[in-house]
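Close look at the chain arrangement
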Amino acid sequence: MKRNTRWMAMIMACLFALTTVVGCSGKADAPQAQANYPEKPFEMIVPMGAGGGSDVFIRTLTKVIADNKLSPKPIVVVNKPGGSGSIGWSYVANDHKGDPYELSTVSSSFYTGPLSGQSPVSYKDFTHVIALCVDPNLLLVSADSKYQTLAELLADAKANPEKISAAGSSGLSVDAITFYSLQEKSGAKMKYVPFGGGGEVMTAIMGQHTTFGFLGPSEAAAQIEAGKLRALAVTTEKRVSGELKDIPTLKESGFDIVMAQTRGIVAPSGLSAENVKYLEDMFAKAAATPEWKKFVADNFMEETIMMSEEFTKESETMSTMFEKYLGVIGK
Amino acid sequence: MRIANRIVSFLIILSGLFLTFQSSNLDYMVDGTPGPGFMPYWLGISIALVAFIPAVKTFTKFASKLANPFKAGDFTNFFIVIGSSTLVMIITPVTGLLVALGLMVGVIAKLMGTQSWKTVIGLTVCTPVLLFGIFVKVLSVPLPKGIFGF
Amino acid sequence: METLQNLLFGLSVANDPMNLLYCLVGVVFGTLVGALPGLGPAAGIAVLLPLTFGANPISGIIMLTGIYYGAMYGGSITSILINTPGDSAAVMTTLDGYPLAKKGRAAQALGMAAFASIIGGTISVIAFMFLAPALAVFAVRFGPPEYFSLMVLGLTTIAGMTGKYPSKGFISALVGLFFATVGLDLMQGIPRFTFGSMHLYEGLDFIPVAMGLFGIAEILTCGTEECTIKIDKKDVTWRKLLPSKEDWKFSLPHIFRGTGIGFFIGMLPGAGATIASFISYGVAKKTSKRSEEFGTGVIEGVAAPESSNNAASIGAMVPMLTLGVPGSGSTAIMLGALMMFGLRPGPMLFENNPDFVWGLIGSMYIGNIFLLILAILAVPLFIKILNVPRPILNATVMSFILIGSYSLNNSMFDVGLTIGFGALGFFMKKMDYPAAPMVLALVLGILLETSLRQSMIISGGNPMIFFMRPVSGSILGISILAIFYPLIKKAIQSYQKSRTA
């Protein structure tokens, strides 16, 4: 270690010498003057791998912005996966505090990460720019299952405790929280089986390895349409529109649970009000384009525009909700 | 070789026990099903147990057949390659990854026995350019940049 | 008949000049990316994904699948020539491919890898075409208990890779299983053995481990003149480059077996090409006439895993297109691409978008032909790598390994990890601890543990669940047989000997 520090010191010295010689080439990325913002490209950090839900969301959004020339400077999308997102998020919030050119997006580990001590940054370290839509969650059974309604399923679960099992993505997720709040509110004792991702959950439900499971509509819609899966409930406040409008909400079924993944844009904390306003406007314009509306509809998301303030409040609510059930999961 | 085998076995046994000890911090069972500590616990014990076998074998006739695997010159390459690549880790924040790799290529090629300085310098310059072409231009990987701006 | 008509229609879609071009670009690019250490099909697809946005969905997906199976073949090139697997599915190819190269038979190994890949790919496309919807049902039957049994079967192949000292092989495998437990626990979300580093939350990535243990360790132990492989100019003629009749005789049965295994395992979501190549190598070793020589450079040791990983890449398309369930990391990214194109994979895709599905199938036939031509043309070029003086080769390969490991997650942490595993690999090699079991166990271990725990939650803690379910029970039965097969074989042989004597 000692040798390391000595090395570092030497290198730092060289670096210092070099910068003095070269001139001010390595200028710090301090918050820029507001008048000519933006004056350089934005960096959009996707804290997950390519091809996932967050990645598709961001890449489509940036493509809409580029195609409609909504931003005078390009938005460069960079995947920084690892640490369940905490690497990407701490890169944005810690390493680029106050930098209005660093943007990112949110997912459930944005809230669970700091609560379970995995992530050094929480929602409080971010400026919430805008929320664009929510991803509803569906409670599904296989088409061959004997349960036609949620009430039937839960009645059976109460009669046979510890027999009914549910599949969801990972132990700390929107799926898990929905499951535990449903268990709490219904009084039925059931088993939650965490899986690695939506694909595995789908197999578990279709193959009836578990009694029911949770999936997003974009993953499940094709199977519902083909008659292989049956949706018993949706987790949003109101019913989803379009092909899935016949699915009752959990609220209609008598359980006051609303649990859906908000998708939006965040930036590091310490941004000026003008910059936030600029970004809000830019993304709001993108959300108003027909291409974006088509993407949202195609993927069964619900358009829910929340401006900076409202989005921050929503994050608070989400975080409290996760905190409440984390104790149940962590036991 | 006997000694080396015994030392390695001993180290493996220790790490096996360490794992078992560490995994006792994790839940062994949760609601009657294996918890996060279940696999590591048994893996640690198995590692420690199996690691006795190579050590015991060194006391049998079998051991005399073993040649000493470490020859004098063996570590030269080890130090050249591991040393220069560790240096890459250290200087990358300053010079950027491409420059660091270029220097590493030169150092490895020279120290491993390339005679001509021309070749060495050519490699030092050409490899980063090639890597830049492939990884930055074609694959658009965001490589760490240094003070030179690349 | 209907299938054939559909195929003709598909071929006509694929024969559109633009689609042909996309297919060719995909295959060529895939092969190159696959050959770069550390970059596998998933990386290749992820990188080219944005390029396909401008294209129409059919051209886009044709290019992405081209990358997929191109990279599957490309991975074998560096495995054979410099003992550095380009991606996880190519690890098994190093075991016999590199010894073959050392014997001066690199060209035949590369040629066989190409033929095996293409035969595996083509047979799988045919199977895909006729059986896809029916097979999807089979994939769904695999629940956690079945995965657990399959992982156990995969682990039995370790017995065939232990080298001179079985105990050291088992230690290596156990440590690999332990490495698989590093990271956030799937169930509780608590970090295990991450030593406070966020970079380890998602577990030890397979690629840095494999590149360190194979690629760097090879450079460290083999830097001197003794390891230089001499290739005679005279030997680089077309006839000598291609595998001989005898090679074919040894390899063909294993290619077919590897294809079957690869296609089925590739179809299972989450298992994928890597496990397929492991199991088919294990099976090849068990069933070959010269199983003792495996690991010293036998041609069927290259043919089996290579046919298998290409077959698996096609197999993985079955659940992706029919269920919307990705069978591997690469198909997961392709699924994301399909959604961006506005296509919804699922049972209805075949009815709603026949031009898409059949165009894709048609392009896979054409792509495999491209791949064959490319491979044969490129073999003499690739062989030239071996003529590069060892110090220069080592230095350049090292730079590719390091930059490749960086580009996995765009993080220097993985570079350090790769170097660390390189050092570990050096000592393992010197002390006769084989690396392959560790790598195999790392891949299998993650699924082994999660499926064990998922099964136990489902069964309420009753381990009989693994034996009571037919599919799971039979796989476990096969694994038990596989473990005891060598013992039984020995017993029978000694019995026969005693009778004849």
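Residues numbered from 1 in each chain as written. Chains lettered and ligands numbered in written order. Predicted model: local features only at pLDDT ≥ 70, side-chain atom pairs only at ≥ 80, totals over all residues.

An unreviewed UniProt entry lists chain B under the name Tripartite tricarboxylate transporter TctB family protein, with Desulfosporosinus lacus DSM 15449 given as the organism.

What counts is decided by this rule: UniProt positions are given in the numbering used here, feature names are shortened, and annotations may be inferred rather than shown by experiment.
The name recorded for chain A in an unreviewed UniProt entry is Putative tricarboxylic transport membrane protein, from Desulfosporosinus lacus DSM 15449. On record in UniProt, under Sequence similarities (unreviewed entry), the comment for chain A is "Belongs to the UPF0065 (bug) family."

1. Details of the overall build of chain B
Convention followed: By definition, any uninterrupted DSSP run of H or I lasting at least four residues is a helix, any uninterrupted run of E lasting at least two residues is a strand, and each is numbered from the N terminus. Radius of gyration means the value over C-alpha atoms here, while the globule rule gives 2.2 Å times the residue count to the 0.38 power. Every C-beta atom is placed from the backbone, and the number of other C-beta atoms within 10 Å of a residue's own sets its class: buried at 20 or more, exposed at 12 or fewer, partly exposed in between.
Within chain B one finds six helices and two strands. For chain B, the N- to C-terminal ordering of α and β elements is α-β-β-α-α-α-α-α. Relative to its length of 150 residues, chain B is extended, with a C-alpha radius of gyration of 24 Å against a globular reference of 15 Å. By its C-alpha atoms, chain B is 60 × 50 × 25 Å across when sized along the principal axes. Taken across its 150 residues, chain B has 37% of its residues classed as buried.

2. Description of the sheet that holds strand β6 (residues 165–169) of chain A
All names here are of chain A. Definition in use: Two strands make a pair as long as DSSP finds a minimum of two bridges between them. To get an axis, fit a line to the C-alpha atoms, keeping to the stretch in contact for a helix; angles then go from 0 to 180 degrees between the N-to-C directions. Any residue pair is listed as a contact if its two C-beta atoms, each placed from the backbone, are within 7 Å.
With respect to topology, five strands assemble into an open sheet ordered β7-β6-β8-β5-β9, the strand pairing being mixed. Strand pairing shows two members of the sheet lacking a second neighbour, β7 (191–195) and β9 (229–234), which therefore form its edges. Sheet twist, expressed as the average angle between the axes of neighbouring strands with direction ignored, equals 30°. Pairing between strand β5 (residues 138–142) and strand β8 (residues 212–215): three bridges, direction antiparallel. Note on β8: the bridge partner recorded for L140 is G213. Sheet strands in contact with helix α6 (residues 174–186) are β6, β7 and β8, and its direction is about 150° off that of β6.

3. Here we look at the domain arrangement of chain A
Think of interface size as the accessible area that goes away when the parts come together; that is how it is often given. Residues and elements named next belong to chain A. The criterion, for reference: Throughout the structure description, domain borders are defined by an automatic or database domain assignment. For this classification, the nonpolar set comprises Ala, Val, Leu, Ile, Met, Phe, Trp, Tyr, Cys and Pro, the charged set comprises Asp, Glu, Lys and Arg, and every other residue, Gly included, is treated as polar.
Annotation of chain A at the domain level lists domain 1 (42–135 + 260–329) and domain 2 (138–244). Computed from C-alpha atoms alone, the centre-to-centre distance between domain 1 and domain 2 is 27 Å. Taken residue by residue, the interface counts 16 residues in domain 1 and 17 residues in domain 2. Going through the elements one at a time, α4 (108–115), β4 (126–135) and α11 (308–329) are the ones with two or more residues in the side of domain 1 that touches domain 2. No other element matches α11, which puts five residues into the side of domain 1 that touches domain 2. For the side of domain 1 that touches domain 2, the per-class residue count stands at nine nonpolar, five polar and two charged.

4. Quick word on the interface of chain C and chain A
In this assembly, 45 residues from chain C lie in contact with 49 residues from chain A. Of all the secondary-structure elements, those providing two or more residues to the side of chain C that touches chain A are α3 (41–52), α15 (329–340) and α20 (436–459) of chain C. The dominant element in the side of chain C that touches chain A, judged by the number of residues it contributes, is α15(C), at six residues.

5. Here's the deal with the interface of chain B and chain C
Across the boundary between the two partners, chain B contributes 50 residues, which contact 49 residues of chain C. Those elements that place two or more of their residues in the side of chain B that touches chain C are α1 (2–23), β2 (33–34), α2 (38–50), α3 (52–57), α4 (74–95), α5 (97–111) and α6 (117–138) of chain B. Looking at which element gives the most residues to the side of chain B that touches chain C, the answer is α4(B), with nine residues.

6. A few points about the packing of helix α2 (residues 53–67) of chain A against α15(C)
This is how it is decided: Note that the term roughly parallel is reserved for angles under 35 degrees, roughly antiparallel for angles over 145, roughly perpendicular for angles of 65 to 115, and oblique for everything else. Take the far helix as your reference; a near helix turned counterclockwise from it by less than a right angle gives a left-handed crossing, and one turned clockwise gives a right-handed crossing.
Where α2(A) contacts α15(C), the two axes come as close as 10 Å, and the packing angle between them is 40°. Looking at the two axes, α2(A) sits oblique to α15(C). Our pair here, α2(A) against α15(C), has a crossing hand that is right-handed. Facing D55(A), V56(A), R59(A) and T60(A) of α2(A), the residues of α15(C) in contact are G336(C), M339(C) and M340(C). For the contact of α2(A) with α15(C), a count of residues per class yields three nonpolar, two polar and two charged.

7. What about the UniProt feature "transmembrane region" (unreviewed entry) in chain B?
All names here are of chain B. The residues that UniProt annotates with the feature "transmembrane region" (unreviewed entry) are residues 39–56, 77–108 and 120–139. The span residues 77–108 shows a helical share of 97% and a strand share of 0%, and its end C-alpha atoms are spaced 9 Å apart. The distance separating the terminal C-alpha atoms of residues 120–139 is 27 Å; by composition the span is 95% helix and 0% strand.

8. Digging into the nonpolar core
As a reminder of what qualifies: By convention in this section, buried Ala, Val, Leu, Ile, Met, Phe, Trp, Tyr and Cys residues joined through C-beta atoms within 7 Å make up a nonpolar core.
Formed by 307 residues in total, the largest nonpolar core has its most connected members in L140(A), I47(B) and V439(C). The dominant element in this core, judged by the number of residues it contributes, is helix α6 (residues 106–140) of chain C, at 18 residues. Excluding residues that lie within four positions of it along the chain, I47(B) makes contacts with I12(B), G16(B), L19(B), I171(C), L174(C), V175(C) and F178(C).

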